[in-house]
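# Summary of the model geometry
Residues per chain, in single letters:
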Amino acid sequence: MPQDQFISVNGCKIRYQDTGGEGPILLLTHGIGASLETWQEPYALLEKGNQLRVIVWDLPGHGLSDFGNQPYGVEDFAQAAWHFLDALNIDQPITLGGNSLGGAISIHMMNLRPDRVNKLALLNAASLGKESPLPFRLMSLPLLGELMNKPGKQAVDQQIQSIFYEPEKQRPKIEAVITRNVMRPGANKVFLSTLRLMTNFSGQRPALYQKTLSMLKTCPVPVLFVHGTHDMIISIEHTKNAQSITPKSSLLILEECGHTPQVETPEKVANVLTDLIFNQ
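Conventions used here
- Residues numbered from 1 in each chain as written.
- Predicted model: local features only at pLDDT ≥ 70, side-chain atom pairs only at ≥ 80, totals over all residues.
- Heavy atoms only, no water.
- Patch = residues over 30% accessible without salt bridge, like charges linked within 9 Å, V, L, I, M, F, W, Y side chains within 5 Å.
- Areas by Shrake-Rupley, 256 points an atom, 1.4 Å probe, with all protein chains shown as cover.
- Salt bridge = Lys/Arg side-chain N within 4 Å of Asp/Glu carboxyl O.
- Helix = DSSP H or I, 4+ residues; strand = E, 2+ residues; numbered from the N terminus.
- Phe/Tyr/Trp six-rings, centres within 6.5 Å; stacked < 30°, edge-to-face > 60°.
- Buried < 20%, exposed > 50% of the residue type's maximum accessible area, 1.4 Å probe, protein only.
- Core = buried A, V, L, I, M, F, W, Y, C linked by side-chain atoms within 4.5 Å.
- Contact = heavy atoms within 4.5 Å.
- Pairing = 2+ DSSP bridges.
- Expected span 1.5 Å × (residues − 1).
- Axes fitted to C-alpha atoms, helices over the stretch in contact; angles between N-to-C directions.
- Lys, Arg positive; Asp, Glu negative; His and termini not counted.
- Polar contact = N/O pair within 3.5 Å; in protein donor to acceptor, adjacent residues only side chain to side chain.

## Regarding a nonpolar patch on the surface
On the surface, a cluster of nonpolar side chains totalling about 250 Å² of accessible area is made up of L144, L147 and M148. By the secondary structure assignment, L147 is in helix α5 (residues 144–148).

## What about the packing of aromatic side chains?
For the coordinates displayed, the defined rule picks out four aromatic pairs. Relative to F84, the ring of W57 lies with its centre 5.0 Å away and its plane at 5°, an arrangement referred to as stacked. Highlighted residues: W57 in strand β4 (residues 53–57) and F84 in helix α2 (residues 74–87), separated in sequence by 27 residues. Judged by its relative accessible area of 0%, F84 falls in the buried class. Summarising the aromatic geometry, the rings of F136 and F191 are spaced 6.0 Å apart at their centres and angled 80° between planes, so their arrangement reads as edge-to-face. Of the two residues, F136 is situated in helix α4 (residues 134–139) and F191 in helix α8 (residues 187–198); the sequence distance between them amounts to 55 residues. The pair F136 / F191 is uniform in exposure class, with both members buried.

## Focus on the nonpolar core
Core analysis: the largest hydrophobic core is formed by 64 residues, its most contacted members being L27, F84, M109 and L120. Sequence-distant contacts of M109, that is, excluding residues within four places in its chain, are made with L27, A78, A81, W82, L85 and L96. L46, V56, V226 and L254 belong to the second largest nonpolar core, which has 20 residues in total.

## Quick word on the pairing of strand β6 (residues 117–123)
Most of β6 sits inside the fold, with six of its seven residues counted as buried. Pairing geometry for strand β5 (residues 94–99) and β6, over six bridges, is parallel. Pairing of T95 across the sheet is with K119, part of β6. Where β6 meets strand β9 (residues 223–228), four bridges bridge the pair, whose relative direction is parallel. Residue pairing in the sheet places L120 in a bridge with V223 of β9.

## Topic: helix α7 (residues 167–183)
Between its first and last C-alpha atoms α7 spans 20 Å; for 17 residues at 1.5 Å apiece the expected length is 24 Å, and the helix comes up short by more than 12%. By the burial criterion, the buried members of α7 are P167, Q170, R171, I174, V177, I178, N181 and V182. At its buried positions, α7 is contacted by α6 (153–163), α8 and α11 (261–264).

## Observations regarding unusual backbone geometry
Backbone geometry follows two general trends: most residues other than glycine have a negative phi, and most peptide bonds adopt the trans configuration. Cis geometry marks the peptide bond from Q70 to P71, where omega comes out at 0°. With respect to the secondary-structure elements, P71 resides in the loop between β4 and α2. A positive phi angle, close to 50°, is found at N124, a residue other than glycine. The residue N124 is located in the loop between β6 and α4 in this model.

## Observations concerning the sheet that holds strand β2 (residues 12–18)
The sheet built from eight strands is open, its strands ordered β1-β2-β4-β3-β5-β6-β9-β10 with mixed pairing. Every other strand in the sheet has two partners, leaving β1 (5–9) and β10 (249–254) as the edge strands with one partner each. Ignoring which end each strand starts from, the neighbouring axes of this sheet average 25° apart. Two elements, β1 and β2, share five bridges in a ladder whose sense is antiparallel. Bridge pairing in β2 links Q5 to Y16.

## Here we look at the side chain of E264
Its location among the elements puts E264 in helix α11. For the buried E264, no salt bridge exists, and the shortest N-O distance to an oppositely charged side chain is 8.5 Å, to K169. Of note is the side chain of E264, whose polar atom sits 2.9 Å from the backbone nitrogen of G258. Residues in contact with E264, not counting those within four places in the same chain, are I163, F164, Y165, E166, Q170, C257, G258 and H259.

Below, the structure written as C-alpha cells:
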C-alpha cells in the first residue's frame, strides 16, 4: 500500500499520497462520501509506469482528512484543492482528474485558475444535468435525509449496490474502506450538507449545473469525458450533452461499468489518463 502523508492546509489536516518524481503532475479527486482509495489501483499502475507524478487526496470531511470549515459546496472544494496544491508548492500547470463530485470540482478548479490547468479527465462527473437518483432527492429533505443516511451495514451495502455494475465482484476490495468512511463519526452530516448544496427534491440544482456547463463551453484545455454505461447515480446523457458543447473534448464510453470506472476498470483508466497527458 502507498504511504499516507498529511499536510496542514489553512489549519485543516489533509491526507494524501504522492508518487513524487519529475514527470507531469496529475491530481486525482474522489467523489462524495468516498476517499482516495477509490483511485488506488490506477495510482499504483501509473506509479509503476514511472512517467507521471500522481497525487491522490481526501477531500475535507472525507477519508482521513479533517472536517475543515463545513459545509463545502463544489466551489468550496475547488478552492480547498488549490490551497492544498499551494501547500505542496505546486504552481506549474497540471492535469486534473475527478470522479463524480471530483469531476465537478475539477471543472470548477479549471475555471478558478485556468492558467494552472493543462487538461481535464472527467469520470462520470456530477453537476452536468438535472436528473438525480430518487434516494439523493429524498435525502435533500430535512429529517428524512437524516433517517435515510444513518451509518450502518445497510448504508454500506446500499452504496456498494448502487455504484458498481458488478457489486459482489468489487465488494472484497472496497467494502472495508466504504465501511470506514460510512462509520466515521460526523461523516454522514458532511455527506448530507454537501449533497443538499448540490441537490434538492427536483434534482441537481439548476444554478450549479448550468454554471458548470457554461464553464465547459469556454474551457480552454483538452477534456476527456468518461462514463460507464450502467451508472445508476448519474445519467450518461449528462456526460454526452456536456461533451457535445465542450471544445477540444473527447468521450470514452465504458461498457459493463457503473459509477466508478477507476475501481471497476483501473487498467483502462490508467491507460486513457496516460494517453490524455502525453498524446492529446
